[in-house]
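# Examining the three-dimensional arrangement
Next come the chains, spelled out residue by residue.
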Amino acid sequence: MDLLYYLELCANPIRFDPVSHLTNVFFDDSNKQVFAVRSGGATGIVVKGPSDTIHTFCMDDQGPIRSIKFSPDMKILAIQRTDVCVEFINFANGQPIPNEMLQFRGKNAQIFGFVWIANREVAMISNGGIELCQVHFDRRQLKSVKSMNTTVNWFAWCPHGNFALLASSSGAILMPVLIKQGTITKLPRLEMSNERSVPERDCTLAMIYGTPSILILQPTQSRLVEVVIYMLNGPGLAPRKCHVLRLGHTGRFAINIIDDLVIVHHQATATSLLFDVAQTGETDPISKVIYHHPIIPGKPLRPFSLKLPSISLDGQTVNCTLYSPDWVLFQPNIVIDAKLGCFWYVELKLKPLCTLVTDRVRLVEFLLQRTQGKTHLLAVLRELVGENYRGTLLPIIESVFNKINTVYKSWITKELQNQTATPSTAKPLPKSTAAPRVLIDQADMHSQVFSAIAETEQIGKVLMLYLQSLTVHGIAAQHDLSKMIVCELINGNLIPALQHVVEHSLISESKALACFLLSLSKIHPTIGQIALDMLAKLNANEIITEVLLGQGKVIDALRLAKTLPDADLLPARKYLEAAMKTEDHVVFHSVYMHFVQRNIRLRGAPDFARGELCGEYVQHYLRLFCSRSSST
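Our next topic: the packing of aromatic side chains. Within the structure shown, the criterion is met by 19 aromatic pairs. Summarising the aromatic geometry, the rings of tryptophan 327 and tryptophan 344 are spaced 6.1 Å apart at their centres and angled 55 degrees between planes, so their arrangement reads as tilted. Note that tryptophan 327 is positioned in strand S31 (residues 327-330) and tryptophan 344 in strand S33 (residues 342-348), a separation of 17 residues in sequence. In this pair, the class of tryptophan 327 matches that of tryptophan 344, namely buried. Through a chain of ring-to-ring contacts, the aromatic side chains of Phe588, Tyr592, Phe608, Tyr621 and Phe625 assemble into a single cluster.

This next bit is on the pairing of strand S18 (residues 183-186). Two strands pair when backbone bridges link them, and strand S17 (residues 173-180) and S18 are joined in this way by four bridges, in the antiparallel orientation. By the bridge assignment for S18, lysine 180 is matched with threonine 183. Turn length for the S17-S18 hairpin, with the two strands adjacent in sequence and antiparallel, is two residues, and the turn residue glycine 182 shows positive phi of about 80 degrees.

Extensive coverage of strand S16 (residues 163-168) is indicated by the burial of six of its six residues. Taking every second residue as pointing to the same face, both faces of S16 are buried, with Phe163, Leu165 and Ala167 on one and Ala164, Leu166 and Ser168 on the other. As consecutive antiparallel partners, strand S15 (residues 154-158) and S16 are separated by four residues, and within that stretch asparagine 162 has a phi angle of approximately 55 degrees, a positive value. Two successive antiparallel strands, S16 and S17, enclose a turn made up of four residues, where serine 169 displays a positive phi of approximately 50 degrees.

The next point concerns the sheet that holds strand S14 (residues 141-149). The four strands are arranged S11-S12-S13-S14 in an open sheet whose pairing can be described as antiparallel. The open sheet has two free edges, formed respectively by strand S11 (111-118) and S14, since each of these has just one partner strand. On average, adjacent strands in this sheet sit at an angle of 25 degrees to one another, irrespective of strand direction. Relative to strand S12 (residues 121-126), S11 runs antiparallel, the two sharing six bridges. Note on S12: the bridge partner recorded for tryptophan 116 is valine 122.

Of all nine residues making up helix H2 (residues 360-368), eight are buried, and the element is well covered by its neighbours. Those residues of H2 that sit buried are Arg360, Val361, Leu363, Val364, Glu365, Phe366, Leu367 and Leu368. Buried residues in H2 make contact with strand S25 (261-266), strand S26 (271-275), helix H1 (350-356), helix H3 (374-385) and helix H4 (394-420). Of the residues that open H2, the one with a side-chain oxygen 3.1 Å from the backbone nitrogen of valine 361 is aspartate 359.

Time to look at the side chain of threonine 204. As for its position among the elements, threonine 204 is in strand S20 (residues 203-208). If near-sequence neighbours (up to four positions away) are discounted, threonine 204 is found in contact with Ser213, Ile214, Leu215, Ile255 and Gln331.

This part is about the pattern of salt bridges. Enumeration according to the criterion identifies 24 salt bridges in this entry. Among the salt bridges present, the one from lysine 349 reaches glutamate 8, with a minimum N-O distance of 3.4 Å. With lysine 349 in the loop between S33 and H1 and glutamate 8 in strand S1 (residues 7-9), the pair connects residues that are 341 residues apart, well separated along the chain. Under the relative-accessibility criterion, lysine 349 is labelled partly exposed at 31%. Take glutamate 8: its relative accessible area is 15%, and that puts it in the buried class. For lysine 374, the salt bridge identified is with aspartate 444, shortest N-O distance 3.0 Å. Pair noted here: lysine 374 is in helix H3 and aspartate 444 is in helix H5 (residues 442-449), with a separation of 70 residues, a long-range link. One salt-bridge network, in which partners are shared between bridges, spans Asp259, Asp260, Asp276, Arg370 and Arg437.

Calculation rules
Residues numbered from 1 in each chain as written. Predicted model: local features only at pLDDT ≥ 70, side-chain atom pairs only at ≥ 80, totals over all residues. Heavy atoms only, no water. Phe/Tyr/Trp six-rings, centres within 6.5 Å; stacked < 30°, edge-to-face > 60°. Helix = DSSP H or I, 4+ residues; strand = E, 2+ residues; numbered from the N terminus. Buried < 20%, exposed > 50% of the residue type's maximum accessible area, 1.4 Å probe, protein only. Pairing = 2+ DSSP bridges. Axes fitted to C-alpha atoms, helices over the stretch in contact; angles between N-to-C directions. Contact = heavy atoms within 4.5 Å. Polar contact = N/O pair within 3.5 Å; in protein donor to acceptor, adjacent residues only side chain to side chain. Salt bridge = Lys/Arg side-chain N within 4 Å of Asp/Glu carboxyl O.

Nothing here speaks to function; it is geometry throughout.
Here it is, written out as C-alpha cells:
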C-alpha cells in the first residue's frame, strides 16, 4: 500500500490551539511560525514553528489583529490591527517590554501588509506602494529609508527569493519587485489581458530551480485550468512565460513546491498532480513555451490519522479529512488546518515514484534532479542491468548511461576549470553550479551497480555500453572499471575487443593495469603483447625491459635499455645471466661484447669491475669462445 502514495503529511505535525470564538490563528510564512492568539492576547499568545522552542507571552487586548509577525531575531513583534497602523513591540527574554512600542501610520494610504526584510528593517506595502522602515527602539524612532510609489490592488510575497508581486488595474498588471535591505528594485512588469486579470488567490510565488517564478492559475477556453509559469530570467529579470502545466480539471486548486517539483492539489478529486519543469514537454515553436502534462496520473495524499485529546487516557484517533476546505497552503510545502489545529509539512517519497513512473529514461531524468535521488537512482540502475535484464533493454540502458554521464561530464569540466584557474582568478563555484544534485561517477557504478552483476552473463555487454558512453562524453575510464572490463573481455575470449579498447585508449592506461594484463598473459599469447603495447604508450621502458628479459628476449631488452637515460649504468650481471639462460651462444656473445665495449668506453679497459660480480660469466665466455679459438 505504501507504494501507492508518493506524497504524505509529516508524521508529527505542529499542534496548536484551533480557531474558536476565543482563539484566532495567524501564520508568518517568512519565519514559518503559527500564532495562536487567545482573547486578543490578554489570555496568552503561543508561537510555534520549525524549532522545538515555544514562545508564550501575554499582552493587552487592543482590538482585532489582522497580522502578527516576529522579526527574524525574535526581538521585535509587529502587529497590524487596522488599515492605517502597524505596531512594533520591543521584546527581551521572550517577553514584551512594558511601554516600549512604536507605531507606523500610513500617509493617506491603506496598508495591505508588511514583511520583515532584516532584524530591524520592515517593508510596508500599501495601495500607494512600498516603504522601507528601520525600527530603532534605542532612539524610539521609525526611520523611512526607501520608498517606491505605485498603485497597488493586492500583493504577494516570496520570502525565499526576497521578491514581491504588486498587482494593479484589478490584477491586469503585475509588477515584480526585489526587496532587500535598504533597496527596492522595480522589475519589468507583466501585462495580462483584461479578461485574464489575476485575482490574488490564483497567484503563487516560488523559487523553482533557483529562479524566482510566478505561477498563475488560468482557465482555458475549454474551462479546464492550467498553471502558467512566468520565470524572472529574461533581460533585466523580466518575467518570461516559460511553462504551462496542463491540469485537465476544473475547480479549486492549491500549489506546493517540493524539491523544485510543482505539486498541484485538486480539491474536487482529492488528488495531487506532479510536474517537473526540468523535463522535456511539448514546445511551442514560436513562443518557446513548454507545455507539461503530469508525470503520473493524479494520486491522493497518504491517509493520515491524528490523535485527538479525549477524556479517556488513551485519547481518540481519527482519520483526517484530506484536501479539506479548511486547509490553507503556504510555500514551499506547508499545509495548515486552523480548525483542527495542525501545521504539516508535505513530504515527497521517491520510492513509490520509482514504481509509478514506468518510463525508465524519464525516471532517471527525474531522479537526477532530486535532492535525495542518488540512492533510488542506483537502485533503478541495478534493476535495469540485474536479474530481469533482457537484450531488448540495451537501447534503454544506453540512454540511461548517457543521461548520467552528461551530468558526470559537466561536473568534471567544472572541476577542471576551477582547478586550472590561477590563484588570483580562482573563485569558488557558485552554489547553483557547485555540484549536481545527483552525481553518479565511475566509482559508484563499479561498487554499486556492476559489482552486483559481476557473475552474470550480461556483464560484458553492459560494461561495454557504459564504456562506450564514457568515450562519447570524453571521460577516461578509471582503474577499477578498466580492470573489470579487462577481466570480462578475457573471460569472454574477446581478445580482439581488448586489443581495440587498448589501442584506442578507451580504458585507463596505467602500469598497474598493464602488469595485471601481464599476469594473465598465459591465458592467451596476445594478452602479453597488449600489455607491452600499453606500457610502450606509457613510456614504461624499465618495466618492458624486465618483461623482455623474463621472456628470454635479451637482445630486444638490451636494445630498449640502451635508450634509457642511464644506459651506461645497466647491471651487466642481470643481462649476462639472462643471456646465459637462453643457451644461445650468439645471444650471449652479443650481450657480453656490448658490456665489454661499454667498459672500454667508460674505464679504458675491457674488464668488469669487481663489484659487478661478473666473474662467472667471464669464465663462461672464455670456455665458449677462447677454447675454440685456441683449438683451431
